[in-house]
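# Tertiary structure, described
Okay, here's what each chain looks like letter by letter:
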Amino acid sequence: MANQQDVIRFDGVEGSGIIDASPGNLNGESASPAGGATLKRLAVSGLFLFDDPSRRARAAAILRRLPPLRGAPVRIQGARGLRDRSGPVHAGSFLRERRIAFDCTRDEFPRIFVHEVAHFVWLRLGNPARWSYERVLRAEFAAGVTGELGWSAEWRKRALSPRARRARSVAWREYCCESFCDTAAWLWSGIRRHAEFTLPAGPRAARARWFARTLGRGPLSI
Ligand SMILES: [Zn+2]
């Protein structure tokens, strides 16, 4: 497990200060990785580096459903007993270290893989697009829409107070981030039904339109 200082985004952990970071800039970090010359030798399929090769083919099939991605490689690792302070978690994304650790079943891998990749997309999406997605969510609240497309977003949504929403509090911004990632997973994982997909059909369609309009055919920077 990494030094806690390095844990930028860990599902279930609060306190991410990066949600409104400038596009392509993580706490002053350069977008171009050190050792770029080495990384350039990797094929496109090398965008993700698998510690466990058995996940490679499954991930490749999932990635075909996403817009093209670009960026420096992200390491995909298995990990046993991942937890945050509220209990076990399925995965953690370490944005600065460019790695994702998984502790999930084979069945859940597609949904969780897309969710974690979406954290990298959200980070570099830029504020205009992030604020645009926030407006989609605000419209849902205004219409009294309940439900979400994953538990990560759902529990945060349930916990939000009107004041937190109005003030764009950390809790609100974390909710927006998790909602984006859960929506991406619903849209792109290939999983059509899941007990955690509780958002009604109308708002689902509106989110799908937002993704098509805003993210289109990519490429998406990660
Ligand atoms: Zn998440």
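In this report, the structure presented in the accompanying data block is examined. What you are looking at is a predicted structure, and each value in this text was computed from that prediction instead of being measured.

### Focus on unusual backbone geometry
Residue Pro219 is bonded to the preceding Gly218 through a cis peptide linkage, with omega at 0 degrees. Within the fold, Pro219 resides in the loop between α8 (201-215) and β9 (220-221). A positive phi angle is found at Arg98, which is not glycine, with a value near 55 degrees. Here Arg98 lies in the loop between β7 (91-94) and β8 (99-102). C-beta crowding within 10 Å serves as the criterion here: with 17 such atoms nearby, Arg98 is assigned to the partly exposed category. Look at Arg168: it is not a glycine, yet its phi comes out positive at around 50 degrees. Inspection of the secondary structure puts Arg168 in the loop between α6 (162-166) and α7 (170-188).

### Quick word on the packing of helix α4 (residues 127-142) against α8
Relative orientation of the contacting elements α4 and α8 amounts to 165 degrees, with a least axis distance of 11 Å. Here α8 runs roughly antiparallel to α4, going by the angle between their axes. Once α4 is placed against α8, the crossing between them reads as right-handed. Along the contact surface, α4 presents Ala129, Ser132, Tyr133, Val136 and Glu140, while α8 presents Pro203, Ala206, Arg207, Trp210 and Thr214. For the contact of α4 with α8, the per-class residue count stands at 6 nonpolar, 2 polar and 2 charged.

### Looking at the nonpolar core
Counting residues in each nonpolar core, the largest one holds 37 residues, and the members touching the most others are Val114, Ala118, Val121, Trp122 and Phe180. Of all elements in the fold, only β4 (74-78), β7, β8, α3 (109-124), α4 and α7 reach the threshold of two or more residues within this core. Among the elements that take part in this core, α7 stands out by supplying 10 residues, more than any other. When residues are assigned to domains, this core turns out to be shared by domain 1 (4-124) and domain 2 (127-217), each giving three or more. Those residues within four positions of Phe180 in sequence are excluded, and the remaining contacts are Ala118, Trp122 and Tyr133.

### Structural notes on α8
The end-to-end C-alpha separation of α8 is 21 Å, in line with the 21 Å expected for 15 residues at 1.5 Å each. One or two steps after α8, the chain reaches Gly216, where phi turns positive at roughly 45 degrees.

### Comments concerning α4
Here α4 is 16 residues long and its end C-alpha atoms lie 22 Å apart, about the 22 Å a rise of 1.5 Å per residue gives. Within α4, burial applies to Arg130, Tyr133, Leu137 and Glu140. Along the axis of α4, the buried positions cluster into a sector of 65 degrees, meaning they face one direction only. For α4, exposure combined with an orientation more than 90 degrees from the buried face picks out Pro128, Trp131, Arg135, Ala139 and Ala142. Those residues of α4 that are buried lie in contact with α3, α7 and α8. The positive-phi residue at the C-terminal boundary of α4 is Gly144, with phi of around 75 degrees.

### Things to note about the pairing of β8
The side-chain alternation of β8 yields two buried faces, one formed by Arg99 and Ala101 and the other by Ile100 and Phe102. Looking at chain direction, β4 and β8 are connected through 4 bridges and run parallel. Each residue of the ladder has a partner; that of Arg75, found in β8, is Arg99. Relative to β8, β7 is paired through 4 bridges, and the arrangement is antiparallel. Across the sheet, the residue bridging to Ser93 is Ile100, located in β8.

### Description of the packing of helix α5 (residues 151-159) against α7
Where α5 meets α7, the axes come as close as 8 Å, and the angle between the chain directions of the two elements is 150 degrees. Of the possible angle classes, the one that applies to α5 and α7 is roughly antiparallel. Pair α5 / α7 crosses with left-handed handedness. Contacts between α5 and α7 involve Ser152, Ala153, Arg156, Lys157 and Ala159 from the first element and Ala171, Glu174, Tyr175, Glu178, Ser179 and Asp182 from the second. Partitioned by chemical class, the residues of the contact of α5 with α7 number 4 nonpolar, 2 polar and 5 charged.

Analysis parameters
- Residues numbered from 1 in each chain as written.
- Predicted model: local features only at pLDDT ≥ 70, side-chain atom pairs only at ≥ 80, totals over all residues.
- Helix = DSSP H or I, 4+ residues; strand = E, 2+ residues; numbered from the N terminus.
- Buried ≥ 20, exposed ≤ 12 C-beta atoms within 10 Å, placed from the backbone.
- Axes fitted to C-alpha atoms, helices over the stretch in contact; angles between N-to-C directions.
- Parallel < 35°, antiparallel > 145°, perpendicular 65-115°, else oblique.
- Left-handed = near helix turned anticlockwise from the far one by under 90°.
- Contact = placed C-beta atoms within 7 Å.
- Nonpolar A, V, L, I, M, F, W, Y, C, P; charged D, E, K, R; others polar.
- Core = buried A, V, L, I, M, F, W, Y, C linked by C-beta atoms within 7 Å.
- Domains from an automatic or database assignment.
- Expected span 1.5 Å × (residues − 1).
- Arc of directions from axis to C-beta.
- Pairing = 2+ DSSP bridges.

Any link to function would need more than the numbers given here.
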